[in-house]
Amino acid sequence: MDRSGTQIDETDRAIIEELQRDGRIPYTRLGTAVGLSEAAARQRVQRLIDSGVMQVVAVTNPLAHGYRRMAMVGVRTEGPTDDIAKVLQAMPDIDYLVVSAGSFDLLAEVVVADDGALLDLTNRIRAVPGVRNTETFIYLDLVKQTFTWGAH
């Protein structure tokens, strides 16, 4: 069972693995690959999506699409992180946000057009009530980006 309370079996894992290889695989081929009919494969995929177990999305390299700056911003806060996380979550330049343990309370992965946009974003983050300080780690290159961990 996963965190959403949805039962995940070996067939679900096989479906996820197939979709990780090719998110556009037709349901007829998907069903054949995992031993289901087309209709059963379609129903399983929809259940996995509806329950929040998985998403089927196109993954891109932002550096190849005109964005010139990617960074991880470590955020130290005062007090509870819930309200701060809600404000940061609404910022469109933040693509990934986690509550973390260690020297940072929150980690935000950001993708922006250039250094000026990064400065603007970090200033907006610092202006959020409860944010004590930030530390920015600029990405020089995107060497590896995988999403294959979900089925194992």
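Residues numbered from 1 in each chain as written. Predicted model: local features only at pLDDT ≥ 70, side-chain atom pairs only at ≥ 80, totals over all residues. Heavy atoms only, no water.

1. Looking at the pairing of strand E2 (residues 94–99)
Point 1. Looking at chain direction, E2 and strand E3 (residues 106–112) are connected through 5 bridges and run antiparallel. From the neighbouring strand, Val 98 faces E3, where its bridge partner is Leu 107.
Point 2. Hairpin remark: E2 followed by E3, antiparallel, with 6 residues in the connecting loop; positive phi at Gly 102, about 110°. (Pairing = 2+ DSSP bridges. Helix = DSSP H or I, 4+ residues; strand = E, 2+ residues; numbered from the N terminus.)

2. Some details on the sheet that holds strand E4 (residues 131–138)
Point 1. With respect to topology, 4 strands assemble into an open sheet ordered E2-E3-E1-E4, the strand pairing being antiparallel. Of all strands in the sheet, those bounded by a partner on one side alone are E2 and E4. Here the average twist between neighbouring strands, direction ignored, is 20°.
Point 2. Judged from the 7 bridges that link them, strand E1 (residues 69–77) and E3 form a sheet pairing that is antiparallel. Considered in E3, the bridge of Gly 74 is made with Leu 107.
Point 3. Packing of helix H5 (residues 115–126) onto the sheet brings it into contact with E1, E2, E3 and E4, and relative to E4 it is tilted by some 155°. (Axes fitted to C-alpha atoms, helices over the stretch in contact; angles between N-to-C directions. Contact = heavy atoms within 4.5 Å.)

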